[in-house]
Structure formats: structure tokens, C-alpha cells
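Residue-level structure breakdown
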Amino acid sequence: MSGIASVFKKLFGLVNFFRKLIVNAVFFLVLILVLGLLVAEEEQVKVPENGMLVLQLNGILVEEKTWVDPVDQFFNEAFGGGSQLPEVLLVDVLESIEQAKTDDRISGIQLNLSNFAGGGSNKMQALGQALLDFRSAGKPVVTYADSYTQNQYYVAAHADTIYLNPLGSMMFEGFGGYNLYFKDFLEKFNITAHVFKVGAFKSAVEPYTRNDMSDEALAANKELYDELWDTYMDDLSQLRSISPLMLSGKMDDFRQALTQYDNDMAQLALNTGLVDALYSREQFRAEMIGITGLDDDEKSWRQINHEQYLAALNGQAEQLEDSSEHKDKAEIAIVVARGVISDGQAKPGSIGGDSTAALLRKARLDEDTKAVVLRIDSPGGSGFASEVIRQEVLELKKAGIPVIASMSSVAASGGYWIAASADEIWATPTTITGSIGVFGMFFTIEKALNEFGVYNDGYHTTDLPVLDITRGIDDNGRYLVQVSIEKFYRDFVGMVAESRNMSYDAVHEVAQGRIWTGRKAKELGLVDQLGELDDAISAAATRAGVSDYDVVTVSNDLSPREQFMQELFGQASLLVPSELRSTEQNPLKAQLYSLWEEVEVTSKFNDPNGVYALCELCKLN
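Since the structure is predicted, the reported quantities are computational estimates derived from the model, not experimental observations.

The next subject is the environment of R240. Within the secondary structure layout, R240 lies in the loop between helix 8 (215-239) and helix 9 (244-247). Given the relative accessible area of 12%, R240 is considered buried. Once the C-alpha coordinates of R240 and A159 are considered, the two residues, 81 residues apart in sequence, prove to be 9.9 Å apart. In contact with R240, other than residues within four places in its own chain, are Y153, A157, A159, I162, G273, L274, V275 and D276. A polar contact is formed between the side chain of R240 and the backbone oxygen of L274, at a distance of 3.5 Å. Within polar-contact distance, the side chain of R240 engages the side chain of D276 at 3.0 Å.

As C-alpha cells, this is what we get:
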């Protein structure tokens, strides 16, 4: 026994040694980090003279970043990892471009699109317009990549010069969407999906009830994707002179063009007008050094990425800003609602009925708030939570504070619900909206339990249905859920009709879960105006009768700990050299992220009534 005890004692000692080693390593890492920050405070980020502003677009463009613990975010950036695709805040990118336009230290912009994953048509259009505006100052915009995806190329097309690796490629694959269907999977594991819906085009539940797409969903998809693709092609045609063979979308045309250039994808891209030159990485580096001059320390061209550039500008702004000028100034408050809507509280990047309502209430109770812009980028979700948010919109209007709904890439189903009662609704031409319909869905596992010899039985004093995942749902239960869904749909249509000054029948005609682009929604009366966020802000100021105002984004207050950690590790991220950050996106990993997002949506099905206004097709970001 003493020998066994000795072995366990040694094993415990070994485990304890590694525990202390890990704890000490983390301690010294944090200590070095703090010391680094103290040194960094003395040496502010400097903007190089004649330097290139590098737009490091690693991930997807978003209106609001998904909340991640600052410590986790730092280690993810420094060493890789994380459970989601990286995100790039659109407003930061646009602000850096606007500032660089008139900054004599900035000689041009280089687009680093190698890890860019898109983010919605309207966001890429806003970025493209900002680049064209930058070019109007006589400064060049250049981009280089080993290859370009469709989203990457759309942004690249706004550059003066597009460079491609001689072994690279670019090909248009078109727009489309494919879903996973789980009907047979659920049956195989004896999981019963109980589905209730209203709306012929409400296809959000199809993945759980079918193995393929319905004809109604196919028709809706075709109309939507065709319109978005036409817009994409029209934009490219105005930006560059590209061979029609590359734009037709026909495989025969593509094969004909490819054969002309000996099946060389890079030569094909060059000779059909997609790119301007084929450069190796070293050739591109030499080209950039010729524009900016040599940075002796980095042995490369003079450059600064947009995050560091904004940090440098903010440092100067803090020294020059006179806070007294902004005291008691009128404010246009922006409340961002991004993500799937769920009941209760949610961190940024998701919409909680209670938390988003609290942001609207916070704006209402601020005496400086003269108008509110509700910026929506959401496919919907919980019907109950959507109504909780809409009620706060009504309270703002009762208080005499105008509310403008500004739709980003998606504002459909529950996303449209929270917009419907605003004083004005603004959308972009490519916004995906509508999907006015509801559904209910429950999973029960009584058959799966039966397979293992587990059964559910007992007594209840009434014959009213009890919803229990281990019992299933009887006819009475199905009746109650269905009539609740139908009632909710009537409330949805009626609310839209009242808010939009339309008849019930007119709204029902364009509802039933049907999805529309912003351009079509305006024709149908579901949207008032087409425009971007800035247009909505101007409209809000006009309604409020103010001309001199600040624009503020309303956010939840951080706890002292959260604020300290965010400041500490937020600044630390800037100290991590860009070349050491783990930003490369593995295609398989991206596919797994996409699959996980589909599964994760069901985890947000927490509506207290089991009623959802969610647009399944709207996962286009």
C-alpha cells in the first residue's frame, strides 16, 4: 500500500507543479502586459509621414461587435482561438477613411482583404462609397491578394489598382443560399418536432419538417437572390470594364474565356478586366515602397493599420477637446439592435427584449436626447421580446421624442416588428426585410425515451394540456398552440396596418412570411425612405427640429471590473504586432462556424409563449 501511496504522492506533486507553473506563467504574462502598457502610454502611436492606411478587414463587417470577455479577446487575438468569426466594426473603418482623406500624413489606402468575409450588401456598399470619396482627394487606393472571393472582390473593385498573385484566381459564383434539413435526422433519433405557423412563405421551420426546400421557399429565394445579384452586377459594371463572358453567370461562357488563356485563372482575370496587374508579393512590396518610401525599422513600406490610426487620432482629440463645448448639447441617440431576438437580457451582438428595451428607456430618460435612431440588423426571433422592445418605442413617442428606424442588412420578421411603429422607417435598397409571419416550434423526446424503456405517466386534475418534452403534445395542446400562433399573426398584421396607415388586407397581401428587398418594401408601403444610417440621423434631427447636435450610441454601463479589464486588455491588443495576430481563416473552420450558428439559433428559442417571428432565409451576413 505504501508503494501505491508513493506513486499517487508523486503524481499529485507533478500535477501540483504544472498547476503552479501555469498560474505563474499567467501572472508574469499579465505583469509584462501591464508594464508594456505603462511604456506604451509614454510612446503614443505615431502616424508615419507619407504612410499608407492599411484597412485590415479580418472577418465580417458588423454594426456592433459581439461581446467577448476582454481577457478572452486578447488571448484569442494573440494566440488564435475563439468560437466565432472575427468582426470588424464598420463605423471604425468608415471613420478612419474619412479622417485619412484630409490627413496630409496619409498618402493612400491599401486594402488587406485576404481574410475579409463580407457582412451584408449595404455594409460593403457603404465601404465602397467611402473609398470612392477618398479617391476624390487624389489619393490612391490599392489592393493585393493571392486570390479574391466574391465579397472581397466587390470591395476591391472600388480601388484604383487591383493586384493579383500570378498563381491566384477570381471567379463569380453568384448569390444563393443552402440550408441543412433535419427531418430524417430527428426521426432517426425519435425526436418529434411539433411545428405551427401562419404564412405560406414562412419557411423558418422547414429544416425541421422537410428534407428539401418547398416550392414557396424556392420562389421567394429566387426572387430575392436574383434582385440582389442584379444589384451586385450593376455596381461592378459601373466600377470596372469587365468582359461580359465573366459576368453572364453561364458556365459555357466561363469555359470559353478560360480556354482562351490556357486555363490560367490569373491570366483570365487580367485579360478580362478583373484585375490590373499580376504581381508576386515581393513585387507588390517594392511597388508600395516606391509610393511611400522605405520604413527603415520595418524594412517595408510606411504604413499604419486603421485600428492604430484611430487610436492615434483619439489621443490627439483628447488633448484638443474642450468638454465644455459639448455640455448640455442636443443629442441624437443611436440604439443598435443586432442579432437574433431572445427574451430577457443579452450582450451586444444579440438582442435581448429586456436589455434592448433598457437602452431605449435610457435614451428616453436622458434630457439631452432629442431623437432616437433604432439601428436594426436582425432576422427576428422571440415574438414576446419583439413586442417588449416595440413598447419602448411607443413610450419614446409618447414622450415627444421622434424615433427613426434605420435598417441595415436585415430587418425582417421580429426585426420588422420592432421597426414598424417608428415615426419613419429607412432601409437600403438591398436590405432584406418583411417576413411578416410567425411560427411556433417544440421538440419532444417521448419516442426516444420509449426506445430505452422510459415512459411518462401520472395524474392531472384537469384535461387541459401540459407541455412536457417527455410526454409529447396531444390534440388539445396542438389546438391551443395553433390558435395562439394565428392570434399573434393577426396582431402582427394589425399592428403593422395601424402603424403604417394601411388596411389589414393590404398588409396581409404582402405578409404571410414573404421576404422583400428594401427597394421593393418601399414600393409596397412597408418602408418610408431609402438611405443609409446618416440619412436616418438627418431625418431624426429634422423631426426633432435641431441643427446643432451630437450623435451618441447608447450602451449598457460596464461594471468597474469590466471597465478596467476592457481598458487594460483593449490597449494590450494594440501592442500585439499585426503579423503575430492569428487572423487566417480556415475554409473548413468557417463552414463549421456556419453550421454552429444554425444550431445555436435554436438555443435562443426562449419565448415564454413559444411564438417566434424569425426569418430563416435572412442569415445572409
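Here we take up helix 18 (residues 475-500). Spanning 26 residues, helix 18 covers 37 Å between terminal C-alpha atoms, matching the ideal 38 Å at 1.5 Å per step. Regarding helix 18, the residues found buried are G477, V481, I485, F488, Y489, F492, V493, M495, V496, A497 and R500. The backbone nitrogen of N476 lies 3.1 Å from a side-chain oxygen of the residue at the head of helix 18, namely D474. Following helix 18 by one or two positions, N501 has its phi on the positive side, about 55°.

With respect to the secondary-structure elements, R514 resides in the loop between helix 19 (504-510) and strand 21 (515-517). For R514, the side chain forms a polar contact with the side chain of E223, separated by 2.5 Å.

Here 6 strands make up an open sheet; going across it, the order is 8-6-5-4-1-11 and the pairing parallel. Unpaired on one side and paired on the other, strand 8 (277-278) and strand 11 (303-305) mark the two borders of the sheet. Here strand 1 (residues 51-56) runs beside strand 11; their pairing, made up of 3 bridges, is parallel. Pairing of V54 across the sheet is with N305, part of strand 11. Packing against the sheet, helix 3 (residues 90-101) makes contact with strand 1 and strand 4 (106-112), and its axis sits at approximately 165° to strand 1. Sitting on the sheet, helix 4 (residues 121-135) is in contact with strand 1, strand 4 and strand 5 (141-145), with an inclination near 155° to strand 4.

Under the UniProt annotation, the feature "active site" (unreviewed entry) is placed at K202 and S413. By the secondary structure assignment, S413 is in the loop between strand 17 (403-412) and helix 16 (414-417).

Attention shifts here to the packing of helix 14 (residues 353-365) against helix 15 (residues 383-398). Where helix 14 meets helix 15, the closest approach of the two axes is 8 Å, and the angle between their N-to-C directions is 5°. When the interaxial angle is binned, helix 14 and helix 15 end up roughly parallel. Of the residues in helix 15, those in contact with G353, D354, T356, A357, L360, R361 and R364 of helix 14 are A385, V388, I389, E392, V393, E395 and L396. Residue classes in the contact of helix 14 with helix 15 are distributed as 7 nonpolar, 2 polar and 5 charged.

Residues of the protein chain with pLDDT of at least 70 account for 78%, and the chain-wide mean is 83. At the level of individual helices and strands, the protein chain shows its lowest average pLDDT in helix 22 (residues 560-575), which scores 50, and its highest in strand 18 (residues 424-427), which scores 98. Here residues 315-325 scores under 50 on pLDDT; set against residues more than four positions off or in separate chains, the count is 3 contacts.

About the thresholds
Counting starts from 1 at the beginning of each chain's written sequence and moves along it residue by residue. Restriction of local features to residues with pLDDT of at least 70 applies here, the model being predicted, together with a cutoff of 80 or more for giving and counting side-chain atom pairs; totals for whole chains, interfaces and linings are based on all residues. Side-chain measures here rest on the full set of heavy atoms in the structure, leaving out hydrogens and waters. Secondary structure is summarised from DSSP: a helix means a run of H or I of at least four residues, a strand means a run of E of at least two, and numbering begins at the N terminus for each. When a residue's accessible area, from a 1.4 Å probe over protein chains only, is under 20% of the maximum for its type it is buried; when over 50% it is exposed; and in between it is partly exposed. Pairs of residues are marked as contacts when any of their non-hydrogen atoms sit within 4.5 Å. Under this definition, polar contacts are N or O atom pairs within 3.5 Å; protein pairs additionally need one hydrogen-donor-capable and one acceptor-capable atom, and for neighbouring residues in sequence, both atoms have to be side-chain atoms. Expected span of a helix: the number of residues minus one, times 1.5 Å. Two strands make a pair as long as DSSP finds a minimum of two bridges between them. Inter-axis angles, ranging from 0 to 180 degrees, are taken between N-to-C directions of lines fitted to C-alpha atoms, where helices are fitted over the stretch in contact. UniProt positions are given in the numbering used here, feature names are shortened, and annotations may be inferred rather than shown by experiment. Each angle gets one of four labels, with under 35 degrees taken as roughly parallel, over 145 as roughly antiparallel, 65 to 115 as roughly perpendicular, and the rest as oblique. Throughout this entry, Asp, Glu, Lys and Arg are counted as charged residues, while Ala, Val, Leu, Ile, Met, Phe, Trp, Tyr, Cys and Pro are counted as nonpolar. The remaining residues, Gly among them, count as polar. Note: pLDDT gives the predictor's confidence per residue, expressed from 0 to 100.

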